[in-house]
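Geometric and topological summary
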Amino acid sequence: KLEHSVVIGAPLDKVFDFTTDWRNFANYFGYVREVKPATEKTVGEGARFSVRVKFMGMMMSSEWEMTEYVKNDRMTFITPLTGVRAIKRWRFIAVEGSTRVNFSLEYKPWPLFGPLLDVLFIKSYWDKLSEKLVQNLKRLIEA
C-alpha cells in the first residue's frame, strides 16, 4: 500500500469537485493520456471510464470503475492494469480553510515473478506517480 497526502489551499468542496470530475483526471494523473465515460453515469458508484495510460513507457488501455463516492469525503476506484487489480482511494478533510487530500494505492503484484519485480521496479515507479498526482492536484487547484 502506498500513501501520499497534501494540503491544498482551497475549500473542501472545490477540491472534491475538481478531483472527482472525470474531465480533470488526465490533468492530474501524470500517466493518464485519455479518459472517456463508458457509462452515462460519470460520478458516483458504478460510474465507469475507458482510460488510456502510459505506464513504464507503454500505452495501455483500462476500464476504471468508481466503487465508492461520498460527497466531500471520499472516492474509490478499481483500476485494473496488465492483469493487476489496483484500488485507488482519496479522502478529503477540511483543515482551517484548506483541504487535506489523502491518496492511497493498493495492489497485489503478479504471483510468480511479481513480488521481485515489484520490489525492484514497480513499487518505486508507482510511488513516484502517486506523489506526482497529489502535487499536480495542489498545483492545478491553487493556480
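Up top is the structure these notes are about.
So, a few notes on the structure that sits alongside this text. Treat the numbers as computed from the prediction; the structure is a model and nothing was measured.

1. Topic: the overall build of the chain
In terms of regular secondary structure, the chain is built from 3 helices and 7 strands. Going from N to C terminus, the chain has its helices and strands arranged as β-α-α-β-β-β-β-β-β-α. Buried positions account for 41% of the 143 residues belonging to the chain. Counting every atom, the chain has about 7,700 Å² of accessible surface; 54% of that belongs to carbon and sulfur.

2. Some thoughts on the nonpolar core
If you look at the biggest cluster of nonpolar residues, it comprises 38 residues, and the most contacted ones within it are Tyr 28, Phe 29, Val 53, Trp 90 and Leu 137. Among the elements that line this core, the one with the most residues is helix α3 (residues 114-142), at 5 residues. Setting aside chain neighbours within four positions, we find Trp 90 in contact with Thr 19, Tyr 28, Phe 29, Asp 73, Arg 74, Met 75, Phe 77, Val 101, Asn 102, Phe 103, Leu 133 and Leu 137.

3. Remarks on the pattern of salt bridges
For the coordinates displayed, the defined rule picks out 11 salt bridges. In this structure, Glu 3 engages Lys 1 in a salt bridge whose closest nitrogen and oxygen atoms are separated by 3.7 Å. Just as Glu 3 is exposed, Lys 1 falls in that class too.

What counts, and at which threshold
- Residues numbered from 1 in each chain as written.
- Predicted model: local features only at pLDDT ≥ 70, side-chain atom pairs only at ≥ 80, totals over all residues.
- Heavy atoms only, no water.
- Helix = DSSP H or I, 4+ residues; strand = E, 2+ residues; numbered from the N terminus.
- Buried < 20%, exposed > 50% of the residue type's maximum accessible area, 1.4 Å probe, protein only.
- Areas by Shrake-Rupley, 256 points an atom, 1.4 Å probe, with all protein chains shown as cover.
- Core = buried A, V, L, I, M, F, W, Y, C linked by side-chain atoms within 4.5 Å.
- Contact = heavy atoms within 4.5 Å.
- Salt bridge = Lys/Arg side-chain N within 4 Å of Asp/Glu carboxyl O.

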